[in-house]
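Each chain, letter by letter, is given below.
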Amino acid sequence: MRTMRIGRVHRVLLALVGLLLLAGGGSVLAVGLGVRPPFRWLHTGPHDVLLSKAERTHWRGTGWWWPVVIAALAVLLLLALWWLLAALRRRRPAEIPVDTGDGEGAVLLGGALESALTQDAARQEGVARARILLRGRRGAPTARAWLQLEPDVDPAPALADFTRQALAHARESAGLASLPAEVRLGAVGHRAERVT
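Residues numbered from 1 in each chain as written. Predicted model: local features only at pLDDT ≥ 70, side-chain atom pairs only at ≥ 80, totals over all residues. Heavy atoms only, no water.

Caption draft 1: Layout of the pairing of strand S1 (residues 95-98). The side-chain alternation of S1 yields one buried face, formed by Ile96 and Val98, and one unburied face, formed by Glu95 and Pro97. Bridge count between S1 and strand S2 (residues 106-109): four bridges; the pairing is antiparallel. Bridging from a neighbouring strand, Glu95 pairs with Leu109 of S2. (Buried < 20%, exposed > 50% of the residue type's maximum accessible area, 1.4 Å probe, protein only. Helix = DSSP H or I, 4+ residues; strand = E, 2+ residues; numbered from the N terminus. Pairing = 2+ DSSP bridges.)

Here is the structure:
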């Protein structure tokens, strides 16, 4: 669930940055093409500059100004690069190689294995809802499972059943030597029973 929240945060931040850049660039382009800007706008015409000569040379006499500006821009650049690399890095295997025994081999899509494992886990007795994500490298994936159990279900047998049935079936179907899993168990909330 945490990865889903992080994904939403990334999408919202990217959308906000994109909207800000689009609005800023569009306004500069519009003014450059001759659209009359609103009162007290940054750019007043097509030949206007972002910083006037007086604004650029105002802090020239102080020795701290330009190093601070360069350091702040360098930190912003490093943060942007870190964010880009974190967003581009695939933590989930897109495909898993399967040995078919004939020397050719095949490829199993990671999403298909996730879906099959989720369906197997959800059909398990006592499981109300299941969510499975694959992580790791394509040759050695790991599973992260969230199982919501029905009320009054003992978690130990439910975990043992998941390990023996759904997880073992997925491991054997994909031809993997091992499929380590991190399983988080929760209970479905239910209303209190009435006592008479």
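Caption draft 2: Looking closely at helix H4 (residues 110-123). For H4, with 14 residues, the first-to-last C-alpha span of 20 Å sits near the 20 Å given by 1.5 Å per residue. Looking at H4, one finds that the buried residues are Gly110, Leu113, Glu114, Leu117, Thr118 and Ala121. Taken down its axis, H4 places every buried residue within 130° of arc, on the same side. Looking at the packing, one finds that the buried side of H4 touches S1, S2, strand S3 (127-136), strand S4 (141-149) and helix H5 (155-174). (Expected span 1.5 Å × (residues − 1). Arc of directions from axis to C-beta. Contact = heavy atoms within 4.5 Å.)

Caption draft 3: Examining the packing of H4 against H5 more closely. Where H4 meets H5, the closest approach of the two axes is 9 Å, and the angle between their N-to-C directions is 155°. Viewed along their axes, H4 and H5 adopt a mutual orientation that is roughly antiparallel. In this structure, H4 crosses over H5, and the sense of that crossing is right-handed. Counting all contacts with H4, which are made through Leu113, Leu117, Asp120 and Ala121, the residues of H5 involved are Phe162, Ala166, Leu167, His169, Ala170 and Ala174. Residues belonging to the contact of H4 with H5 are distributed by class as follows: eight nonpolar, one polar and one charged. (Axes fitted to C-alpha atoms, helices over the stretch in contact; angles between N-to-C directions. Parallel < 35°, antiparallel > 145°, perpendicular 65-115°, else oblique. Left-handed = near helix turned anticlockwise from the far one by under 90°. Nonpolar A, V, L, I, M, F, W, Y, C, P; charged D, E, K, R; others polar.)

Caption draft 4: Seen up close, a nonpolar patch on the surface. On the surface, Leu73, Val75, Leu76, Leu79 and Trp82 cluster together into a nonpolar patch covering about 570 Å² of accessible area. Among the secondary structure elements, Leu73 is positioned in helix H3 (residues 65-88). (Patch = residues over 30% accessible without salt bridge, like charges linked within 9 Å, V, L, I, M, F, W, Y side chains within 5 Å. Areas by Shrake-Rupley, 256 points an atom, 1.4 Å probe, with all protein chains shown as cover. Salt bridge = Lys/Arg side-chain N within 4 Å of Asp/Glu carboxyl O.)

Caption draft 5: Molecular detail of the nonpolar core. Leu113, Leu117, Ile132, Ala143, Leu147, Phe162 and Leu167 are the most contacted members of the largest nonpolar core, which totals 20 residues. Listing elements by their share of this core, those giving two or more residues are H4, S3, S4 and H5. The dominant element in this core, judged by the number of residues it contributes, is H5, at six residues. Ignoring any residue separated from it by four or fewer positions in sequence, one finds Phe162 in contact with Leu117, Ala121, Gln124, Ile132, Ala145, Leu147, Leu167 and Val183. (Core = buried A, V, L, I, M, F, W, Y, C linked by side-chain atoms within 4.5 Å.)

Caption draft 6: The sheet that holds S3, seen in detail. Across the sheet, three strands lie side by side as S3-S4-S5; this open sheet has mixed pairing. Each edge of the open sheet carries a strand with a single partner, namely S3 and strand S5 (181-187). Direction aside, neighbouring strands of the sheet carry axes that sit 15° apart on average. Pairing of S3 with S4 involves nine bridges; the strand directions are antiparallel. In the strand pairing of S4, Ala130 is matched with Leu147. With respect to the sheet, H4 is in contact with S3 and S4, its orientation differing from that of S3 by roughly 155°.

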